[in-house]
Amino acid sequence: MQANWELSQSLTCDGQGIRCACVLPAPDGTADGFQILTGTQGGSLVAYGIPSGNLESSAYRHDNAVTALATNATGTHYFTGYKDAVVRVFDVQHNLIAQLKGHDKAVTSLAYADGGKDGEFLISGSWDGTAKIWRLANSSLVATLPNHENSVCVCVQGVDTGGMLHIATGSAGLAQNNTIQGHSIRIWTVDVRITSDVKLLHTVANDHDGPIRDLCLAPPDASCLASCSNDGTVKLRVAETGDVLTTLTMLTSSHPPMLLSVATTTDQSCIVVGAEDGHAVVWDLSATERSPQILLHAQCVWSVVPLPNGDFATCSDDGVIRIFTHCTERVAPLAEREAWEAEVAATQQKKSNGPSAEEIAALPRWDQNYEKRGRSEGDVRVFQKNGVAIAAQWSAASQTWIEVGQVTGSNENTGTLNGVQYDHLLPIEVDQSGGGVAKLQIGYNNGENPFVAAQRFIDDHVLPQHHLQDIANYIQQRAGQQGPTIGNDSTVASGSPMVSYEYLPAPGYKQFGLPVKTASTTLAKVKSKIIEFGLLSDIDVEHLTHLLDTLSASSRYHSSKILDEELAVMEKMLSWQQPSQVFPALDLARLVLLHPDAASRERYGYWSRVVPKTIAIMAIESVEGPAAVAIPMLGLRLFSNGLKGGPGSCEAIANNVDAILEVTTRLVPSSNKNVRLALATLLYNTACYVRSNPGTDISDKFFPILWLALTQKKQRMHLSCRRK
């Protein structure tokens, strides 16, 4: 028996960062003891046999990160949480069984409850500030636990003989004067047998110094509750009240790491946490002195998972799931452990240095900076000047780059935020719910994963989780560094890797968006054309102007709103009689569909009216002139964006998919390449929708159109060859 925890296995698949995991039984006929099912940043589900490392991949793929996983007591089913607010139920063969709909925002936490004769239940936590209890036998919603402060994590404490489900929840808190307040532990009971009554028994607020990220049952004998937080601590609590018994503190730097996940090993001896800075930390609760063991990773540890054999696994942003053991017979070979330690050491060294010679060589040359234009006032780029990396800022007034200074390593700090020094302090504006704009800063260090810095900023200011990608991209652009490519440096693998293709499987839906550089000009032209018709009242023009202003500010889509009056103007324009008057409205509608608020579940009724109107417009065969091309092209773009958009528009498209495919058939022979591109995109997005919703049956119309499109493509290729 090892005194310390040691690396046992390193398992990788397609290099996608691993967000979460759960344990499943091993398939019949194998020598494995169990499987570890993982959910990745790319939306895939991959199971690893333990100890063989053999891979089993689910054909189902979410179109973005899987944020939560759980399994039932017998391992016959598992459950996924995802940013589209839907909880999905799969059997152990990876078939989609049910979809639980009711949340309004991303699902971030899942917990299973075995109620014995009272049935099986699933508890889900979400960024919408609620937790929900689902009865799995009929996929029904039993109860909702409301009024949490943003993101919710959940933990099941059991079901008693009276049919009362005992639940603990934690919340992320609310931003108040640049600090997070109100993050709370709550203890609940729910009557799952008769009345579905919800009772809030106890609330403990603000005893952490940051958002609460995860909960688990804790020793002795799972009779306590453990919570972890962005403040770098774990608190052991009285399960019945949430009151603190002990605080476990992890200090690795002046800035305590965000603790993202907490778990108890199956032998009840240790508490394990995963941290955003790449630490996995183990506290041995049976030891006299509770000095934690730190297992440093190269990148963020999103989740830690206890395993049936007493080991635990870490889910890392580098695309590797690692198993740790304190049993000698399961420790990895020395060479594998040394290779992993060397990889971690190299990453840490990179964090303390500036750009490498190779990175500098790849930068654009300073003496050719006139070839690159900034996107906006204050845009920051990095150039190569005389063999060193320099930062420059774009001046819109002079249309030139202004040199700021040399880009150096983290030993030269360039700013302090909340008492912590950073290499970069990046300005960012955030819309406030009551109006106005808050001017904030993001702290970022050279070599740091931009997603980690983005997550820290989201948590500090309690912003919508779905905006993580946009903030990370902004950090990468403004810091002037190429952020790490998740998973590309993963070298240790077990089992046979999945087959990889350049284009398939594709990552998700495609869209016809609005290029940032031409957004203002394009929208101005649309507005000019609509006003030229003279069919809008002054108040309609006012609503139209506000709508176009909202669409042009794409960086604020996470917080801006589309008014009902603005949507009503667009619907009014779609009712105009002349085709030449209608197609600008179609162009506007396909852009509106990409706004999260406009395509939300609450707008389903609106799009249920707009989609049939669009189908009717496209069915008119007597259209001549420019509208003959514009109407089918824009209609197809509208349908494509509708599938890419939010749940409201997607459901409206899905409910009219037969009529859409029928009107699309006559467009297959089109000689216009823009119409053909829009058609191909619609077919592609439809295939993505069917793949994500296996119960959808459209084969009687979809496949004939696809075959016809391929036949037309082949004929055009033959004709082109004959002409040559």
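Everything below is about the structure shown above.
Because the structure is predicted, anything quoted here is derived from the model rather than measured. Chains are numbered independently. Their residues run from 1 in the order of the written sequence. Since the coordinates come from a predicted model, pLDDT governs what is reported: local features require at least 70, and pairs of side-chain atoms require 80 or more to be given and counted, while whole-chain, interface and lining totals use all residues. Side-chain figures throughout are based on the complete set of non-hydrogen atoms in the structure, without hydrogens or water.

Q: I'd love a proper account of the overall build of the chain, names of residues and values included.
A: Counting secondary structure elements, the chain contains 14 helices and 37 strands. For the chain, the proportion of its 724 residues judged to be buried stands at 53%. By definition in these notes, contact holds between two residues if any of their heavy atoms fall within 4.5 Å. When contacts within the chain are restricted to residue pairs at least 6 apart in sequence, those whose partners lie at least 24 apart make up 52%. For the area figures, the Shrake-Rupley method with a 1.4 Å probe applies, and any residue is considered shielded solely by the protein chains shown. Of the roughly 31,800 Å² of accessible surface on the chain, 51% is carried by carbon and sulfur atoms. Segments assigned H or I by DSSP are reported as helices when at least four residues long, segments assigned E as strands when at least two residues long, and all are numbered from the N terminus. Buried residues are those whose accessible area, probed at 1.4 Å on protein chains only, stays under 20% of the maximum for their type, while exposed residues exceed 50% and partly exposed ones sit between those limits.

Q: Help me get a handle on the pairing of strand E8 (residues 86-91), residues and values and all.
A: The buried count for E8 comes to six of six residues, which makes it a mostly enclosed element. Alternating positions in E8 separate into two faces, Val86, Arg88 and Phe90 on one and Val87, Val89 and Asp91 on the other, with burial throughout. Two strands are counted as paired when DSSP detects at least two bridges linking them. Pairing of strand E7 (residues 77-82) with E8 involves four bridges; the strand directions are antiparallel. Within E8, the position partnered with phenylalanine 79 by the bridge is valine 89. Adjacent in sequence and paired antiparallel, E7 and E8 are bridged by three residues, among which alanine 85 carries a positive phi angle near 75°. Pairing analysis gives five bridges linking E8 to strand E9 (residues 96-101), with the strands arranged antiparallel. If you follow valine 86 over to E9, its bridge partner there is lysine 101. From the end of E8 to the start of E9, which pair antiparallel, there are four residues, and histidine 94 there has a positive phi angle of about 70°.

Q: For the nonpolar core, give the residues involved together with the corresponding values.
A: By size, the foremost hydrophobic cluster in this structure holds 62 residues, and its most contacted members are Met570, Met573, Leu588, Val592 and Phe639. A total of nine residues in this core trace back to one element, the largest contributor, which is helix H10 (residues 627-644). For methionine 573, the residues in contact, after removing those within four places along its chain, are Ile530, Leu536, Leu544, Val582, Ala585 and Leu588. To define a nonpolar core, start from buried Ala, Val, Leu, Ile, Met, Phe, Trp, Tyr and Cys residues and group those joined through side-chain atoms within 4.5 Å.

Q: So what's going on with the sheet that holds strand E11 (residues 120-126)? Residues and values would help.
A: A sheet is described by the order of its strands in space; here four strands give the open sequence E10-E11-E12-E13, paired in antiparallel fashion. Two strands close off the open sheet at either side, each with one partner strand: strand E10 (107-114) and strand E13 (140-145). Recorded for the sheet is a direction-independent mean angle of 20° between the axes of neighbouring strands. Bridge analysis of E11 against strand E12 (residues 131-135) gives five bridges, and the strand direction is antiparallel. For leucine 122, the partnering residue across the bridge sits in E12 and is tryptophan 134. Structural elements are reduced to axes, namely lines fitted to C-alpha atoms, with helices fitted over the stretch in contact, and the angle between N-to-C directions of any two is expressed from 0 to 180 degrees.

Q: Outline the pairing of strand E18 (residues 184-191), listing residues and values.
A: Of all eight residues in E18, eight are buried; the element is thus mostly enclosed. Burial of the side chains of E18 extends over both faces: Ser184, Arg186, Trp188 and Val190 are buried on one face and Ile185, Ile187, Thr189 and Asp191 on the other. The sheet contact formed by strand E15 (residues 164-171) and E18 spans seven bridges and is antiparallel. Bridge pairing links histidine 166 to threonine 189 in E18. The pairing of E18 with strand E19 (residues 198-205) spans seven bridges and is classified as antiparallel. Counterpart to arginine 186 in the pairing with E19 is threonine 203. Between E18 and E19, which pair antiparallel in sequence order, lie six residues; one of them, serine 196, sits at a positive phi of approximately 60°.

Q: Can you lay out the packing of helix H6 (residues 538-552) against helix H8 (residues 579-592) for me, pointing to particular residues and giving the numbers?
A: As a packed pair, H6 and H8 sit with axes 11 Å apart at the nearest point and diverge in direction by 45°. Judged by the inter-axis angle, H6 sits oblique to H8. At the point where H6 passes H8, the crossing takes the left-handed sense. Residue-level contacts link Leu544, Leu547, Leu548 and Leu551 of H6 to Leu588, Leu591 and Val592 of H8. Three classes are used: nonpolar for Ala, Val, Leu, Ile, Met, Phe, Trp, Tyr, Cys and Pro, charged for Asp, Glu, Lys and Arg, and polar for all others, with Gly counted as polar. Taken together, the residues of the contact of H6 with H8 break down into seven nonpolar, no polar and no charged. Put simply, angles under 35 degrees are roughly parallel, angles over 145 are roughly antiparallel, angles from 65 to 115 are roughly perpendicular, and the rest are oblique. By definition, any crossing whose near helix is turned counterclockwise from its far helix by less than a right angle is left-handed, and any crossing with a clockwise turn is right-handed.

Q: Outline the packing of helix H5 (residues 519-532) against H8, supporting the account with residue identities and numerical values.
A: At their nearest, the axes of H5 and H8 sit 10 Å apart, and the two run at 140° to each other. The orientation of H5 relative to H8 falls into the category oblique. Regarding H5 and H8, the two cross each other, and that crossing is left-handed. Residues Leu523, Val526, Lys529 and Ile530 of H5 lie in contact with H8, whose contacting residues are Pro584, Asp587 and Leu591. Looking at side-chain class alone, the contact of H5 with H8 contains five nonpolar, no polar and two charged residues.

Q: Talk me through the sheet that holds E15; I want residue IDs and the actual numbers.
A: The sheet built from four strands is open, its strands ordered E14-E15-E18-E19 with antiparallel pairing. Edge strands, defined here as strands with exactly one partner in the open sheet, are strand E14 (152-159) and E19. With direction set aside, neighbouring strand axes in the sheet form an average angle of 20°.

Q: Explain the packing of aromatic side chains to me, using residue names and the numbers behind them.
A: How two aromatic rings sit relative to each other is set out by the distance from centre to centre and by the angle between their planes. We call Phe, Tyr and Trp rings a pair once their centres come within 6.5 Å, taking the six-membered ring for Trp, and we label the pair stacked below 30 degrees between planes, edge-to-face above 60, and tilted otherwise. Using the criterion set out here, one finds nine aromatic pairs in the structure. Measuring from centroid to centroid gives 5.1 Å for tyrosine 78 and phenylalanine 90, while their planes differ by 10°, and the two rings are stacked. In this pair, tyrosine 78 is assigned in strand E7 and phenylalanine 90 in strand E8, connecting sequence segments 12 residues apart. Residue tyrosine 78 shares its accessibility class with phenylalanine 90, and that shared class is buried. Plain terms: the ring middles of tyrosine 606 and tryptophan 607 are 5.0 Å apart, the flat faces sit at 85° to each other, and that makes the pair edge-to-face. According to the relative accessible area criterion, tyrosine 606 is buried, its value standing at 8%. One aromatic cluster is present, formed by Trp5, Phe312, Phe324 and Trp340 through successive ring pairs. The ring of tryptophan 302 carries arginine 19 above its face, with NZ or CZ at 3.8 Å from the centroid. A positively charged side chain is recorded as over a ring if its NZ (Lys) or CZ (Arg) lies within 6 Å of the ring centre. The angle to the ring normal must also be within 35 degrees.

By themselves, these figures tell us nothing about what the structure is for.
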